[in-house]
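Results of the structural survey
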Amino acid sequence: MGQLTERFDLILGCIDSKFPNGLPKEALQSTPDTNTDKVLENLDPATAKFFQRELKFAGGLRSHDLARFLNSPATDTINIMPEGRAAPLHGKSTKFEYEPLDYSTDASRLVVLRRGQRDDEIKCNLVPLPLSVLEAPDDKTIEISRYEALSYVWGPQKDPFLIDIDSQDFPIGRNLYSALIHLRLEGEDRLLWIDAICINQDDIQERNWQVSRMGLIYRSALQTVAWLGPATWGSDMACLAIQAFQKIKEGNAGILEPEQRSLNTSLFGSDDNSSPPSDVDESLIHIIWDQFDQLFERAFFSRSWIVQEIVLARHVTVYCGSISFSYGMLVLAFTAATELRKSLGFSAYTPLKTGFTKFFTFFTLCLQLRDTETDFPIFHLASRFGRLLATDPRDKIYSFLSLSSELIQKGTLVDHGFYPNYEKSNLDVHRDFTVFCIQRYNNLDILSRPYKCEQRVVDYESWDIESWAREWPSWVPDWDRRGIKEIQDFRGIDSFGRNVFREFNAAGWWEDVEVTGVGQNGRTIMFAGVEFDKIVAVVDADLYIDPRSVSGGEEQCIMWESFALQVGNTYGETAEEREEAFWRTLVADSDGRGDFAPQEFGKMFRCWRSNEPPSRLAHTETELYKGFVDQLFNTARGRRIFLTERGYLGIGSWEIGTGDSISILKGGKVPIVGRASGLMLEKDVEDEGVKVRKKMVNVYSILGSGGTYVHGLMDGEAVGIVEDEGLDVTGVLYG
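Quick look at the structure, then. (Residues numbered from 1 in each chain as written. Predicted model: local features only at pLDDT ≥ 70, side-chain atom pairs only at ≥ 80, totals over all residues. Heavy atoms only, no water.)

What about the packing of aromatic side chains?
To describe a pair of aromatic rings, one takes the distance between the centres and the angle between the planes. Selection criterion: Any two of the Phe, Tyr and Trp rings considered here, Trp counted by its six-membered ring, make a pair once their centres fall within 6.5 Å; the pair's planes then place it as stacked at under 30 degrees, edge-to-face at over 60, or tilted in between. Residue exposure (1.4 Å probe, protein chains only): buried if accessible area is under 20% of the type maximum, exposed if over 50%, otherwise partly exposed. For the purposes of this entry, the term helix denotes a DSSP run of H or I that reaches at least four residues, the term strand denotes a run of E that reaches at least two, and both are numbered from the N terminus.
For the structure on display, the rule yields 29 aromatic pairs. Residues Phe96 and Tyr98 carry aromatic rings whose centres are separated by 4.9 Å and whose planes lie at 75° to one another, so their mutual orientation is edge-to-face. Judged on exposure class, the residue Phe96 and its partner Tyr98 are both buried. Relative to Phe292, the ring of Phe268 lies with its centre 5.4 Å away and its plane at 75°, an arrangement referred to as edge-to-face. Taken together, the residues span a long stretch of sequence, with Phe268 in helix 11 (residues 258-268) and Phe292 in helix 12 (residues 282-296) at a distance of 24 residues. The same class applies to Phe268 and to Phe292, which are both buried. Joined through ring pairs, the aromatic side chains of Phe245, Phe268, Phe292, Phe296, Phe300, Phe301 and Phe334 make up one cluster.

Next up, the structure:
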């Protein structure tokens, strides 16, 4: 407790010396250093307008003189970095010689971080991590089993430091060097697993072997040490507040200084939910809240690997500079701060604070995997966390292979049948993973994820099959999705079991997926199915950040309805009235809780269309109205309404346009929209397994972002029509 009080007093002393006349209130109104204009440019206009005030206020906080001081590195004796040995600037240093692993007995290696004073050179030894430790992950009776696994950001490897490992020089990055300085103990050695050291990164076979077991390595560790990075004055202030929060939660509030208790209550609230004390400087509270927020903006929370490292851990201790606390306490503090600010009407400046969302998602996934025996398909995880960063893009897949409730609950590594292989190219890994998921899960849901780049129409005069084969196929998802508009997915891939859309089954009794061929160069894939329809007209459906904030009587809504008039007075085989077919299309015939849209949504649509205030409705209808507009938002966001040649209404990705083809594929839960690439390839036509002739077929590019809804075709209706009409279902080719 003494260190907490001492550090707190030191920081307050620095603030007092820098601002002897108190905090300059007018600084909150100064021109922000934060480039809010750049943030706003990356948002759609409605979202940008919604967040503009919060961004301006956040920018003001970041430009405050105190914020500048707090964001600077902490330079006291506890945090200042000792000088290390730098690697040679010119020429190559001697390559580190690893002792080879015996795969029959060894799972990996462990680092013995030798005890030492802060300014001493870092010295380590490597020892084998026996397979037997991973085979009994909860048995901690022997010393070697009580190792800690380090979770950290590699960061730039330029100008590395040299440390001593088994009397050899070993280069490590600055962030890892800082972590070892802070984690080293003075009185005893420390046993750690550190990927950059324990894996021979130059040995591909060993790298494949160890990466396939990394989930089990973290699950078997006594604890995971999460290193957020070196301290700033502000992170020290925020982390000390979390430590004080922990003391209060443990019933030790009485040992805190009054000023600490007052600040802690202002940041996180009190157990009796009272308001923050009035004698605390409001600008200081906002600035410290901002420092707390910035903990989650650190690069640590942007890594792909952190998901399994945190979720699979038995226990997690968070280190930021010299201060540590449990991950569970960070969760409680995060929840308390969020609830307090919400009650006071303050936002978390969402466009700037994406780390909040990531942090909450990690925690939610951890709870779900610990409380259920049902695992999520691997591609659901790759999709949900695809925007996280990985130095090697192949790790956007490999980093999720170990995640399972079986490993968390029983310590058993699940063999999915897909393994890390760093000899393959990034494209080969993503392509193989796509085919693997289609076959393992017997569905085509993965095709509704965004592809890597805009597909181009092939120019036959300059077309070269070898260069074309090296391009990213449209049927292979891009988990990174940079620059691609996010859409609520019709198949619930990103929802982790809480899909707002009902279960669809466009393929009906065509239950099993049939991959009828993958091109020799891996560029094309053919699925059994049929080109069923074609889009003849489209209109944008993506209107508002929230449909509750506007009436339904806007000009665009009139355009929607005039568009829908083209389907006639009754709708296809459903025999629904035109209006009902239209509003059911707008909500994908779903109630927001995974079931069919209720008939009462028709009245709610008319209320919304005529701008009837919800206050005029009965209480039960008010809730129903909210459900309707929420589902309208879920469905229309980022999509376009379309009309087909056969007279169907649908809603699909912002990418679709007139002339695009709608196919029903065997095993597909939703229709697939494709655009002719301009390329045709020769295909064998078989009759009862015997090749009888060849024909030329179109190669389509999938326009899959978020999936496609076609009203009247989502429950197998097209299959009956196809069989009645005797259409060719031998296959549709995608490239």
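Now that the structure has been shown, we can carry on.
Digging into the pairing of strand 7 (residues 190-193)
To keep it simple, the criterion reads: One requirement defines pairing of two strands: DSSP has to find at least two bridges between them.
Of the two faces of strand 7, the one carrying Arg190 and Leu192 and the one carrying Leu191 and Trp193 are both buried. Pairing analysis gives 3 bridges linking strand 2 (residues 106-113) to strand 7, with the strands arranged antiparallel. Looking at the pairing, Val111 lines up with Leu192 of strand 7. As judged from the 2 bridges shared by strand 4 (residues 148-151) and strand 7, these two strands associate in the parallel manner. Across the sheet, residue Ala149 finds its bridge partner in strand 7, namely Trp193.

Comments concerning a negative patch on the surface
Under the convention used in this document: Exposure above 30% relative accessible area and the lack of any salt bridge qualify a residue for a patch; like charges then connect within 9 Å, and the nonpolar side chains Val, Leu, Ile, Met, Phe, Trp and Tyr within 5 Å. Surface exposure here means Shrake-Rupley accessible area, sampled with a 1.4 Å probe, where a residue is shielded only by the protein chains that are shown. For this document, the term salt bridge refers to a Lys or Arg side-chain nitrogen within 4 Å of an Asp or Glu carboxyl oxygen. By the counting scheme adopted, Arg and Lys are positive, Glu and Asp are negative, and His together with the chain ends is not counted. The location of each charge is read from NZ of Lys, CZ of Arg, CG of Asp or CD of Glu.
On the surface, a cluster of negative charge is contributed by Glu573, Glu717, Glu723 and Asp724. Secondary-structure assignment places Asp724 in helix 25 (residues 717-725).

Comments concerning the packing of helix 22 (residues 578-586) against helix 23 (residues 601-609)
What describes two packed helices is the angle between their axes and the distance between those same axes. Defined as follows: All axes here are fitted lines through C-alpha atoms, helices being fitted over the stretch that makes contact, and every angle between N-to-C directions spans 0 to 180 degrees. For classification, angles of less than 35 degrees are called roughly parallel, those exceeding 145 degrees roughly antiparallel, those between 65 and 115 degrees roughly perpendicular, and all remaining angles oblique. What makes two residues a contact is simply this: any of their non-hydrogen atoms within 4.5 Å.
Taken N-terminus to C-terminus, the directions of helix 22 and helix 23 make an angle of 85°; their axes are 10 Å apart at the nearest point. Taken together, the axis directions place helix 22 and helix 23 in an arrangement best described as roughly perpendicular. Two secondary-structure elements touch here, helix 22 through Glu579, Phe582, Trp583 and Leu586 and helix 23 through Phe601, Gly602, Phe605 and Arg606.

Overview of the packing of helix 10 (residues 233-249) against helix 11
What counts here: For this classification, Asp, Glu, Lys and Arg are treated as charged, while Ala, Val, Leu, Ile, Met, Phe, Trp, Tyr, Cys and Pro are nonpolar and the rest, including Gly, are polar.
Remark: helix 10 packs on helix 11, axes separated minimally by 10 Å, with the N-to-C direction vectors making an angle of 95°. Classed by the angle they form, the pair helix 10 and helix 11 counts as roughly perpendicular. For the pair helix 10 and helix 11, contact is made by Met237, Ala241, Ile242, Ala244, Phe245 and Ile248 and by Leu263, Asn264, Leu267 and Phe268, respectively. Classifying every residue of the contact of helix 10 with helix 11 gives 9 nonpolar, 1 polar and no charged.

Some points on the pairing of strand 13 (residues 529-540)
Strand direction decides the pairing type here: strand 13 and strand 18 (residues 661-665), joined by 5 bridges, are antiparallel. The residue of strand 18 that forms the bridge with Glu531 is Ser663. When strand 13 meets strand 16 (residues 639-644), the two strands line up antiparallel, connected through 5 bridges. Within the sheet, the bridge partner assigned to Ile535 lies in strand 16 and is Thr644.

Considerations on helix 6 (residues 174-183)
Here helix 6 lies mainly inside the structure; 9 of its 10 residues are buried. All of the buried residues in helix 6 are Asn175, Leu176, Tyr177, Ser178, Ala179, Leu180, Ile181, His182 and Leu183.

Focus on helix 8 (residues 204-211)
Count 3.6 residues to each turn of an α-helix, and residues three or four apart come out pointing the same way. Put simply, the test is: What qualifies as a polar contact is a pair of N or O atoms within 3.5 Å, subject to a donor-acceptor requirement within protein and to the restriction that residues adjacent in sequence count only when both atoms come from side chains.
Among the 8 residues in helix 8, 6 count as buried, and that is most of the element. For helix 8, the complete set of buried residues consists of Glu206, Arg207, Asn208, Trp209, Gln210 and Val211. Capping the start of helix 8 is the job of one residue whose side-chain oxygen sits 3.2 Å from the backbone nitrogen of Gln205: Asp203.

Some remarks on the nonpolar core
Inclusion rule: Nonpolar cores are built from buried Ala, Val, Leu, Ile, Met, Phe, Trp, Tyr and Cys residues. Side-chain atoms within 4.5 Å join them into one set.
Ranked by internal contacts, the top residues of the largest apolar core, which has 143 residues, are Tyr147, Ile163, Ile197, Phe268, Phe292, Val307 and Tyr734. Among the elements that make up this core, the one with the highest residue count is helix 14 (residues 327-344) (9 residues). Apart from the residues within four sequence positions on either side, Phe268 is in contact with Ala241, Ile242, Phe245, Phe292, Ala333, Ala336, Ala337 and Leu340. Phe532, Leu586, Val587 and Ile721 belong to the second largest nonpolar core, which has 54 residues in total.

Details of the pattern of salt bridges
Counted under the stated rule, the structure contains 26 salt bridges. As a salt-bridge pair, Glu206 and Arg109 come within 2.7 Å of each other at their nearest N and O atoms. Within this pair, whereas Glu206 is found in helix 8, its partner Arg109 is found in strand 2, the two being separated by 97 residues in sequence. Residue class for Glu206 comes out buried when judged on its relative accessible area of 2%. Taken together, the shared-partner salt bridges in this structure form one network comprising Arg502, Glu576, Glu580, Arg584, Asp589 and Asp715.

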